[in-house]
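What the coordinates show
What follows is the residue order along each chain.
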Amino acid sequence: MKKTPVFLESLVTNMLRLRAICPFSWRVFQFRPISCEPLIIQMNKCTDEEQMFGFIERNKAILSEKQVGCAFDMLWKLQKQKTSLLKNAEYVRDHPQFLTLHNLATNKFKLMNDDTLVNVLYVTQQFDIKLLSEFSSCLADQHLYFSPLMGKIADIVHRNLETTQDLSSLSVLMVNISSLISRHFQQQLVNKTELLFDTIDSSEVNVAKSIAKFLRNVRYRYQPLLERCNNVFLSNVDHLDLDSISKILSVYKFLQFNSFEFIIMAKKKLTEMIPLCNHPASFVKLFVALGPIAGPEEKKQLKSTMLLMSEDLTGEQALAVLGAMGDMESRNSCLIKRVTSVLHKHLDGYKPLELLKITQELTFLHFQRKEFFAKLRELLLSYLKNSFIPTEVSVLVRAISLLPSPHLDEVGISRIEAVLPQCDLNNLSSFATSVLRWIQHDHVYLDNMTAKQLKLLQKLDHYGRQRLQHSNSLDLLRKELKSLKGNTFPESLLEEMIATLQHFMDDINYINVGEIASFISSTDYLSTLLLDRIASVAVQQIEKIHPFTIPAIIRPFSVLNYDPPQRDEFLGTCVQHLNSYLGILDPFILVFLGFSLATLEYFPEDLLKAIFNIKFLARLDSQLESIGGMDGTQQQIFKMLAEVLGGINCVKASVLTPYYHKVDFECILDKRKKPLPYGSHNIALGQLPEMPWESNIEIVGSRLPPGAERIALEFLDSKALCRNIPHMKGKSAMKKRHLEILGYRVIQISQFEWNSMALSTKDARMDYLRECIFGEVKSCL
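These lines cover the structure that appears in this document, whether it is placed above or below. (Residues numbered from 1 in each chain as written. Predicted model: local features only at pLDDT ≥ 70, side-chain atom pairs only at ≥ 80, totals over all residues. Heavy atoms only, no water.)

**Section: the overall build of the chain**
Counting its regular elements, the chain contains 39 helices and four strands. Here the chain holds 781 residues, and 51% of them are scored as buried. Within the chain, counting contacts between residues at least 6 apart in sequence, those at least 24 apart form 75% of the total. Carbon and sulfur atoms provide 53% of the accessible area of the chain, an area that totals close to 38700 Å². (Helix = DSSP H or I, 4+ residues; strand = E, 2+ residues; numbered from the N terminus. Buried < 20%, exposed > 50% of the residue type's maximum accessible area, 1.4 Å probe, protein only. Contact = heavy atoms within 4.5 Å. Areas by Shrake-Rupley, 256 points an atom, 1.4 Å probe, with all protein chains shown as cover.)

**Considerations on the sheet that holds strand 4 (residues 744–750)**
Strand order in this open sheet of four strands is 1-2-3-4, and the pairing throughout is mixed. Two strands close off the open sheet at either side, each with one partner strand: strand 1 (652–656) and strand 4. For this sheet the average axis-to-axis angle between neighbouring strands, irrespective of direction, equals 40°. Pairing analysis gives five bridges linking strand 2 (residues 662–669) to strand 3 (residues 709–716), with the strands arranged antiparallel. Among the inter-strand pairings, cysteine 667 is bridged to a residue of strand 3, identified as isoleucine 711. (Pairing = 2+ DSSP bridges. Axes fitted to C-alpha atoms, helices over the stretch in contact; angles between N-to-C directions.)

**Description of the pairing of strand 4**
The buried fraction of strand 4 is high, at seven of seven residues. Side chains of strand 4 alternate between two faces, with Tyr744, Val746, Gln748 and Ser750 and Arg745, Ile747 and Ile749 buried alike. Where strand 3 and strand 4 come together, seven bridges link them in parallel fashion. Looking at the pairing, arginine 710 lines up with tyrosine 744 of strand 4. Between the parallel elements strand 3 and strand 4, the chain passes through helix 37 (residues 730–741) in a crossover that is right-handed. (Right-handed = clockwise from strand over helix to strand, strands pointing away.)

**Here we look at the environment of glutamate 480**
For glutamate 480, the position within the fold is in helix 27 (residues 474–481). For the pair glutamate 480 and asparagine 426, spaced 54 residues apart in sequence, the C-alpha separation works out to 6.8 Å. Within the structure, glutamate 480 has its side chain in polar contact with the side chain of arginine 467 (distance 2.8 Å). (Polar contact = N/O pair within 3.5 Å; in protein donor to acceptor, adjacent residues only side chain to side chain.)

**Structural notes on the packing of helix 13 (residues 205–217) against helix 15 (residues 242–255)**
Helices that pack against each other are described as a pair by the angle of their axes relative to one another and the distance between those axes. Packing of helix 13 against helix 15 brings their axes to within 10 Å, and their N-to-C directions diverge by 35°. Relative to helix 15, the crossing made by helix 13 is left-handed. Contacts between helix 13 and helix 15 involve Lys209, Ala212, Leu215 and Arg216 on the former and, on the latter, Ser244, Ile248, Val251, Phe254 and Leu255. Of the residues that constitute the contact of helix 13 with helix 15, the class distribution is six nonpolar, one polar and two charged. (Left-handed = near helix turned anticlockwise from the far one by under 90°. Nonpolar A, V, L, I, M, F, W, Y, C, P; charged D, E, K, R; others polar.)

**Side note on the nonpolar core**
The tendency in soluble globular proteins is for nonpolar side chains to be buried side by side. Membership of the largest hydrophobic core comes to 140 residues, with the highest contact counts inside it found for Leu286, Phe287 and Ile358. Those residues in contact with leucine 286, other than ones at most four positions away along the chain, are Leu242, Leu270, Met273, Ile274, Cys277, Gly291 and Leu302. By size, the runner-up hydrophobic cluster in this structure holds 57 residues, among which are Met497, Cys574, Ile589 and Leu590. (Core = buried A, V, L, I, M, F, W, Y, C linked by side-chain atoms within 4.5 Å.)

**Examining the environment of phenylalanine 638**
When you line up the elements, phenylalanine 638 lands in helix 36 (residues 632–645). A C-alpha to C-alpha distance of 7.3 Å links phenylalanine 638 and alanine 653, two positions 15 residues apart in sequence.

**Focus on helix 30 (residues 528–540)**
The end-to-end C-alpha distance of helix 30 is 18 Å, a good match for the 18 Å that 13 residues give at a rise of 1.5 Å each. Here helix 30 has its buried residues at Leu530, Leu531, Arg533, Ile534, Ala535, Ser536, Val537, Ala538 and Val539. Buried residues belonging to helix 30 abut helix 28 (491–503), helix 29 (513–523), helix 31 (550–559) and helix 32 (567–578). (Expected span 1.5 Å × (residues − 1).)

**Let's talk about the pattern of salt bridges**
Going through the model one piece at a time under the given rule, you end up with 26 salt bridges. Between aspartate 155 and arginine 159 there is a salt bridge whose closest N-O contact spans 3.0 Å. With aspartate 155 and arginine 159 both in helix 10 (residues 148–159) and four residues apart, this pair spans about one turn of that helix. The residue lysine 253 makes a salt bridge to aspartate 327 at a minimum N-O spacing of 2.5 Å. Linking lysine 253 in helix 15 with aspartate 327 in helix 19 (residues 315–328), this pair joins segments that are 74 residues apart in sequence. On the basis of relative accessibility, which here comes to 55%, the residue lysine 253 falls in the exposed class. The class of aspartate 327 is partly exposed, set by a relative accessible area of 36%. What you see here is one network of salt bridges that share partners, running through Arg183, Asp475, Arg478 and Glu515. (Salt bridge = Lys/Arg side-chain N within 4 Å of Asp/Glu carboxyl O.)

**Considering the side chain of serine 430**
Tracing the sequence through the fold places serine 430 in helix 25 (residues 425–442). Leave out the neighbours within four places in its chain, and serine 430 touches Ser394 and Arg398.

**Digging into a nonpolar patch on the surface**
Residues Phe603, Leu608 and Phe612 make up a contiguous nonpolar surface patch of roughly 350 Å² in combined accessible area. Tracing the chain through its elements places phenylalanine 612 in the loop between helix 34 (605–611) and helix 35 (614–619). According to the relative accessible area criterion, phenylalanine 612 is exposed, its value standing at 63%. (Patch = residues over 30% accessible without salt bridge, like charges linked within 9 Å, V, L, I, M, F, W, Y side chains within 5 Å.)

**What about unusual backbone geometry?**
Of note in the backbone geometry, glutamate 329 takes a positive phi value of approximately 55° without being a glycine. Mapped onto the fold, glutamate 329 is located in the loop between helix 19 and helix 20 (333–346). With phi around 55°, asparagine 561 is a residue other than glycine that occupies positive phi space. Mapping asparagine 561 onto the fold places it in the loop between helix 31 and helix 32. Residue classification places asparagine 561 among the partly exposed positions, given a relative accessible area of 23%.

**Digging into the packing of helix 9 (residues 129–141) against helix 10**
Look at helix 9 against helix 10: their axes get within 10 Å of each other, and the N-to-C directions meet at 155°. Comparing the axis directions of helix 9 and helix 10 gives the class roughly antiparallel. Crossing handedness for the pair helix 9 and helix 10: left-handed. Of the residues in helix 10, those touching helix 9 at Leu132, Phe135, Ser136, Leu139 and Ala140 are Leu149, Met150, Ile153, Ile156 and Val157. Classifying every residue of the contact of helix 9 with helix 10 by side-chain character gives nine nonpolar, one polar and no charged. (Parallel < 35°, antiparallel > 145°, perpendicular 65-115°, else oblique.)

This is the structure we're talking about:
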């Protein structure tokens, strides 16, 4: 019979505690035979398992911890000599004396050193990997993820991965050793999991949960495995409890994995639980899981119930509720007040990362309470003065920079400077963002402090460049890029980052091409060399690239509006590789893929058929984004246009066209280039049209007088252009094409031009608008 986990619980817990209390006394005072050598010699003379088990039965009363370890070694040596390893392993595992040997190990564990202990576990694992997984879970329960023992368990898993067939036990081990493994070992585990996935029953929810948790731990959004796990969850959704659904949704959110079907099913099941959760602990879990995906009525019910329970929340629960309110974009003032009251009471007990989360969420929810932020600032500064860990310092500095008064004194600046040599790119990027916030706030009244902050920015730039220039491996660089947002990366370092990626260009292959493409998409930096390399890898290594990676590969070409030299071959190869998977892609991913290809003016027939059919559209839960009113700058431009065109009835603002493009401003000129008034159908400033173009929807321009033209004026912010050159990105370019198809003459004005010294006065801007509208200028970029 198999040994129970009690052995392991006792082994780990007592070993760690007793060794810490009396590390020497057990070895000093334990009785020993005069010589253990004769027994080891006897063991070495055994030629089969039966002789070994007979030896154990005869000598069990006098075996020392060293001899117990030798006995396990001998059994494994005999096992390796067998031709039928599996059959013999079952015989050894089920033998009564194997259980006796386990019992001896339990009694002697206090005397074993770590090497002997791990060796015993290694041999045991050869006969039953489940025992090793249970042992690793015991270590994990005591948060010993980085202990030497866990490291040796990781080594055992690595050495035996090829022969491992039990995915249930392996998935548990993967989670527990995830903090210690290399990228190469990580990929080996993922490959092994894919091979073994079909060996598990479709009802093995716990295995699928462990696999998803492992991917979350290593920050690996591996679509194929996530899809397979998701299928297990979907087929067992009726048996999932609140805790399971909550954890699954948390993993999906972290990995940005979209499953329309699971969210719909989870929403239905969680909604049914609302009247059943009457305890704060369970209701908080429900609030966090259901809130962000709930409908208006469910959200109202959740918030009203949470208000009643808010006074009974613990500090941890209040933090979870605050995070969910941020996800829900709920600015319910009564609930915010109640939750922050609980947070205030427990503020001293939160860790730096939790304090950052509190600061971020309250800033997003527009919370304003001076005494709360004063205590929060005091706490953050006290942590900062005693912190020497780069990541922790960057977290604290980031939180302070978000406060209403983000000023940092010289002690804080010196703390940043002290950790700079140890910082990775993520820390440096976070520091740079925080310092820029301080400069923006402080320069008004603290000139000498601003000078110190500028000097700190120079140091950040220096260490960032140094780290990039000393990079000697694309794999190591990728690890830092994984959690780095390209659009927030300091401008001064972005060019150096692109140069570093270009240096490693030949190392881009089917394994990493998706990650590199995703990062480039987020930078808004057009590097034709890198994009050409990505296209080349996709064409040459397409058979090795997983189809679900294709949307990420295509995206930078769409975002940056760039066609590689082999454009048609590249896009055709990618789409052809994905065709057979179109039916199982998440609806949102499929729509975004169609959008990306449309910006590139590429319209594959199979993709269009997959999107424009009733079955697919029934799955697609899409909705139009609401269109708000104008900000101050738009109102200023509106008044100028009205003056240029001869009155406010000659210009429309925030026009919604057929196909739901929003035009900043619209006007109509007759054949003599004279502005035409809109009359009674004009839209008031900042309001929405009830219907796009009223009766002009069917035939564009049908009501225009002969020779008249409809003009669209678009003001492009920095996000519409690449960061390194004035090259329009794909979305804005496609919008211009669509508006021209609808009959518009499109005038696009960039904010760089509008805010330039040449247009620094109102008169200069008015002349500029007249030239764009009445002259021959088609685009003012």
